[in-house]
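Given next are the chains, with one letter for each unit.
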Amino acid sequence: MNSRIINEKYRNGELTPPQMLDNIYKDIEKNDLNDFITLTKNIAYEEAERSLKRIKNNKTISPIDGIPISIKDNFAVKNTRMTCASHILEDFISPYNATVVKKIREAGGIIVGKTNMDEFAMGSSTENSCFGSSINPVNKDIVPGGSSGGSAVSVKAGHAAISLGSDTGGSVRQPAAFCSVFGFKPTYGVVSRYGLTAFSSSLDTVGIIGSNIEDVTNMFNTIKGIDEYDSTLRNIEEIDKNRKVIIGFVNNIDGLDEAILNVYREKRRIIEKSGIKTRDINIEHLPESIAVYQIISMCESSSNLARYDGIKYGLQIKEAETMKDIYSKVRGIGFGKEVKRRIMTGTYFLSYKNAMYYEISKKMRKQIYENMKKVFKEVDYILMPSTLNLPFKRGERMNDPLKMHLSDSLTAFCNLADLPAINIPAGIYNELPVGIQLIGNSFDDINLLKEAENIEKIWSQE
Ligand code: GLN
């Protein structure tokens, strides 16, 4: 689904926003991919009618006016259920809109529903959802990736033109790679996190999934910018690039799947043939970055998830007598296995005796950050695979949490170093999609999107 084509159809009267919604909801029912947790039909049809009026009067307000958009179920949409795919929030109705949701609505975007995900965004396959996994439309035997798996599926299946996800360690880029769509994680501090359920506050970013770069860019322009509810934000400008672009290719990736390595080499050849300069680079601490990510994110999540106490909101248990009883019953019943594992591990790392793990991880994070600044003195962008391995089979990693955690080996360092990155689909081989990410320097998001468009064009012309 492409917004430019939808807009053209609206303009020449071939399609109206309510008709488009009819088609989408029919298809969601027919092809049960389990990409949505909640459909927001009432709001969507209201918004569609309003959009239709603007289209008829030639008064559309933005490029996403009338465009169907899906939102990961860890963003707040006013008066709508927000579950984070967790039993503990199964009946929670959000009393307010996330800033990004408010901005989308003000721009005339139509929110079709809330997408499936790994519980509290912890996972790489969308199998950690209390609503069951989503199905990958490219190949039903493989997982759609995660944690924003429902978002990637909704875009690939044409149930939304654009989707919002969250990327803490790779949760937008990895599912985008597995479903063969674009998935963009902006620089930390560019898009408001107000109304995004906190997982790991120093790493969480709002990400965008789309079937083409133009849609991703239009959405980015809609949601970026300062917000009084998120003090980490700044406005970004386009950074002037007068020199010739140099793209770095990473030569120290351990354990890369042979098939992905071949695609990576071939894509480099095409880039070089087009005249773009390339250079070999080394990403220091790349193998350790996933461990650093896990320690920091688990510590932060154990602290963030303390708020689900069965008292203020979420699941409540009537048969509890003491405070301790309430906590243990609500959290025992409400949280899934992976979330519990992370809370316990995070609490362990934060305990006085083990504080060195967190301390060392913070130091390592700083080193990774500084090293990346050096790399970006030599090159303008980095191209590297989004994942070490091809998409894996459903169920394959569910009993092997360590292997599941390694799914983000090539994405998490960008979150540690505050770098923007976008997954570009690099083809489907034997029904298995491969994704390559383009990574830019912090706050160079606008140029990064332009370069990604350029690269995609070069690859598709070959
Ligand atoms: N898959 C990673 C994890 O499980 C990343 C999650 C994310 O980016 N939200 O932690």
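Quick caveat, the model's predicted, so the values are computed rather than measured. (Residues numbered from 1 in each chain as written. Predicted model: local features only at pLDDT ≥ 70, side-chain atom pairs only at ≥ 80, totals over all residues. Heavy atoms only, no water.)

**Q** Quick question: what am I supposed to make of the state of the cysteines here?
**A** Disulfide: a covalent bond formed between the sulfur atoms of two cysteine residues. Tallying each qualifying case throughout the model produces zero disulfides. The thiol of cysteine 130 is unpaired, and the distance to the nearest cysteine sulfur, on cysteine 84, comes to 10 Å. (Disulfide = S-S within 2.5 Å.)

**Q** So what exactly am I meant to see when it comes to a nonpolar patch on the surface here?
**A** Together, Tyr348, Met356, Tyr357 and Ile360 make up an exposed nonpolar region whose accessible area comes to about 400 Å². When residues of the nonpolar patch are assigned to their parent elements, the largest contribution, three residues, is made by helix H12 (residues 355-378). Along the chain, the position of tyrosine 348 falls in helix H11 (residues 337-350). (Patch = residues over 30% accessible without salt bridge, like charges linked within 9 Å, V, L, I, M, F, W, Y side chains within 5 Å. Areas by Shrake-Rupley, 256 points an atom, 1.4 Å probe, with all protein chains shown as cover. Salt bridge = Lys/Arg side-chain N within 4 Å of Asp/Glu carboxyl O. Helix = DSSP H or I, 4+ residues; strand = E, 2+ residues; numbered from the N terminus.)

**Q** Please explain the site of the ligand as it appears in this structure.
**A** For the ligand, the set of nearby residues contains 14 residues, the closest of which are Gly169, Ser171, Tyr293, Arg342 and Asp408. Here an oxygen atom of the ligand sits 3.3 Å away from a polar atom, N or O, in the main chain of glycine 170. Notes on the ligand: free accessible area 290 Å², of which the protein chains cover 100%. Split into classes, the residues belonging to the shell around the ligand amount to four nonpolar, seven polar and three charged. (Near = heavy atom within 4 Å. Polar contact = N/O pair within 3.5 Å; in protein donor to acceptor, adjacent residues only side chain to side chain. Nonpolar A, V, L, I, M, F, W, Y, C, P; charged D, E, K, R; others polar.)

**Q** How should I be thinking about the side chain of lysine 72 in this particular structure?
**A** Mapped onto the elements, lysine 72 comes out in strand E2 (residues 68-72). For the buried lysine 72, which has no salt bridge, the nearest side chain bearing the opposite charge is aspartate 118, at an N-O separation of 7.3 Å. A polar atom in the side chain of lysine 72 sits 2.9 Å from the side chain of serine 148. Once residues lying within four places of it in the same chain are set aside, the contact partners of lysine 72 are Lys114, Thr115, Met117, Ala121, Ser147, Ser148, Ser151, Leu164, Gly165, Ser166 and Ser171. (Buried < 20%, exposed > 50% of the residue type's maximum accessible area, 1.4 Å probe, protein only. Lys, Arg positive; Asp, Glu negative; His and termini not counted. Contact = heavy atoms within 4.5 Å.)

**Q** Is there a simple way to think about the side chain of serine 147 in this case?
**A** With respect to the helices and strands, the residue serine 147 is situated in the loop between strand E3 (110-115) and helix H5 (149-156). Here lysine 72 takes part through its side chain, which lies 2.8 Å from a polar atom of the side chain of serine 147.

**Q** It is not clear to me how the packing of helix H8 (residues 258-273) against helix H15 (residues 445-461) should be interpreted in this structure. Could you clarify?
**A** Each pair of packed helices gets described by two things: the angle between the helix axes and the distance between those axes. Remark: H8 packs on H15, axes separated minimally by 10 Å, with the N-to-C direction vectors making an angle of 100°. Judged by the inter-axis angle, H8 sits roughly perpendicular to H15. Residue-level contacts link Lys267, Ile270 and Ile271 of H8 to Ile455, Ile458 and Trp459 of H15. The residue makeup of the contact of H8 with H15, split by class, is five nonpolar, no polar and one charged. (Axes fitted to C-alpha atoms, helices over the stretch in contact; angles between N-to-C directions. Parallel < 35°, antiparallel > 145°, perpendicular 65-115°, else oblique.)

**Q** Hey, could you run me through the sheet that holds strand E6 (residues 205-210) in this one?
**A** Working definition: the strands of a sheet are paired by backbone hydrogen bonds and lie parallel or antiparallel to each other. Reading across from one edge, E1-E3-E2-E4-E6-E5-E10-E11-E9-E7-E8 is the order of the 11 strands in this open sheet, with mixed pairing throughout. Strands with a single pairing partner mark the edges of an open sheet, and in this sheet they are strand E1 (36-39) and strand E8 (277-281). Between one strand and the next, the sheet's axes are offset by a mean angle of 30°, whatever the strand orientation. Along the sheet face, helix H3 (residues 41-56) touches E1 and E3 and points at about 160° away from the line of E3. (Pairing = 2+ DSSP bridges.)

Don't take any of this as a statement about function, it's just geometry.
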